[in-house]
Amino acid sequence: IGTHPHHANEFGPSSSKLMKSLVNKYHPNSIGETGLDFYRNISSYDEQIYAFDEQIKISIDSEKPLFLHQRDAHEDFITILKENTTNNISGVTHCFTGNKNQLKDYLDLGLYIGITGWVCDQRRNEDLLESIKYIPLNRLLIETDAPYLMPKHLEKELKSRRNEPKYIREIAEFISHHKGIKIESFADITKSN
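Residues numbered from 1 in each chain as written. Predicted model: local features only at pLDDT ≥ 70, side-chain atom pairs only at ≥ 80, totals over all residues. Heavy atoms only, no water.

Quick look at helix 3 (residues 74-83) now. Among all positions of helix 3, only His74, Phe77, Ile78, Ile80 and Leu81 are buried. The buried residues of helix 3 occupy one face: seen down the axis, they fall within an arc of 160°. The exposed set on the far side of helix 3, more than 90 degrees from its buried face, consists of Glu75 and Glu83. On the buried face of helix 3, the contacting elements are strand 1 (31-37), helix 2 (45-62), strand 2 (66-71) and helix 4 (100-108). (Buried < 20%, exposed > 50% of the residue type's maximum accessible area, 1.4 Å probe, protein only. Helix = DSSP H or I, 4+ residues; strand = E, 2+ residues; numbered from the N terminus. Arc of directions from axis to C-beta. Contact = heavy atoms within 4.5 Å.)

Looking now at the nonpolar core. If you look at the biggest cluster of nonpolar residues, it comprises 42 residues, and the most contacted ones within it are Phe52, Leu81, Ile113, Ile115, Val119 and Ile175. Residues in contact with Leu81, not counting those within four places in the same chain, are Phe52, Ile56, Leu66, Leu68, Ile89, Leu109 and Leu111. (Core = buried A, V, L, I, M, F, W, Y, C linked by side-chain atoms within 4.5 Å.)

Where strands meet in a sheet, backbone hydrogen bonds hold them as pairs that are either parallel or antiparallel. Pairing in this open sheet of five strands is parallel, and the strands run 1-2-3-4-5 from one edge to the other. Looking at which strands have only one partner, the edges of the open sheet turn out to be strand 1 and strand 5 (140-142). Across the sheet, the mean angle separating the axes of adjacent strands is 30° when strand polarity is ignored. Sheet strands touched by helix 3: strand 1 and strand 2. Its angle to strand 2, the strand with the most contacts, is close to 150°. (Pairing = 2+ DSSP bridges. Axes fitted to C-alpha atoms, helices over the stretch in contact; angles between N-to-C directions.)

The subject of this paragraph is the environment of Ile80. For Ile80, the location among the structural elements is in helix 3. For Ile80, a relative accessible area of 8% gives the class buried. For the pair formed by Ile80 and Gly35, sequence separation is 45 residues and the distance between their alpha carbons is 9.7 Å. Those residues in contact with Ile80, other than ones at most four positions away along the chain, are Leu36, Ile49, Phe52, Asp53 and Ile56.

Turning to the packing of aromatic side chains, a few remarks are in order. This model, assessed by the stated rule, comprises five aromatic pairs. Considering the side-chain rings of Phe52 and Phe77, the 5.3 Å spacing of their centres and the 0° angle between planes classify their relative orientation as stacked. Here Phe52 is found in helix 2, whereas its partner Phe77 is found in helix 3, with 25 residues between them in sequence. Both residues of the pair, Phe52 and Phe77, belong to the buried class. Geometrically, the ring pair formed by Phe96 and Tyr106 is edge-to-face, given 5.9 Å between the ring centres and 90° between the ring planes. Note that Phe96 is positioned in the loop between strand 3 (91-93) and helix 4 and Tyr106 in helix 4, a separation of ten residues in sequence. Phe96 sits in the buried class, given a relative accessible area of 3%. Chaining the aromatic ring pairs together yields one cluster made of Phe52, Phe77, Phe96 and Tyr106. Directly above the aromatic system of Tyr39 lies the positively charged group of Arg71, at a separation of 3.6 Å from the ring centroid. (Phe/Tyr/Trp six-rings, centres within 6.5 Å; stacked < 30°, edge-to-face > 60°. Lys NZ or Arg CZ within 6 Å of the ring centre and 35° of its normal.)

So, in structure tokens, the structure goes:
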């Protein structure tokens, strides 16, 4: 349960109360997808900061991990998260596409790192390929972000850009190859994570 940064402009003072009641009623696995997105700026800077901060508080109060979204907002994003580290935040940096310095910031906070089909795109995966070398296996997750971010080689084969959960194996095979781990072991580890 959460409010994506694109919809932060819909998150007002009554939203926190409503979200808390929904969390208590439905017991979700996490709070989110929440965070900051300064790429599209569909919601204003202040709206995004407010909604993100409120959802972090709900995560802490409910002892639920965060499912985190960050795009073109790393410095503000990490500052807000660090301000809450005394409260034992936990969660997943969803769809990580950053560099190894950004990765270090997330790992230092104890977050899991979610990798999508972006890693398979040779036009833009250089920083990410370098970064995945440093992701500890016990903190690595794989995800499709369906219907987005289909592995590029599939896009060409299938003549489609629609990603589906069934393509998770393609992402797992790509990452396991680059980390030098057998796919079966890699699958077991990421499933356990």
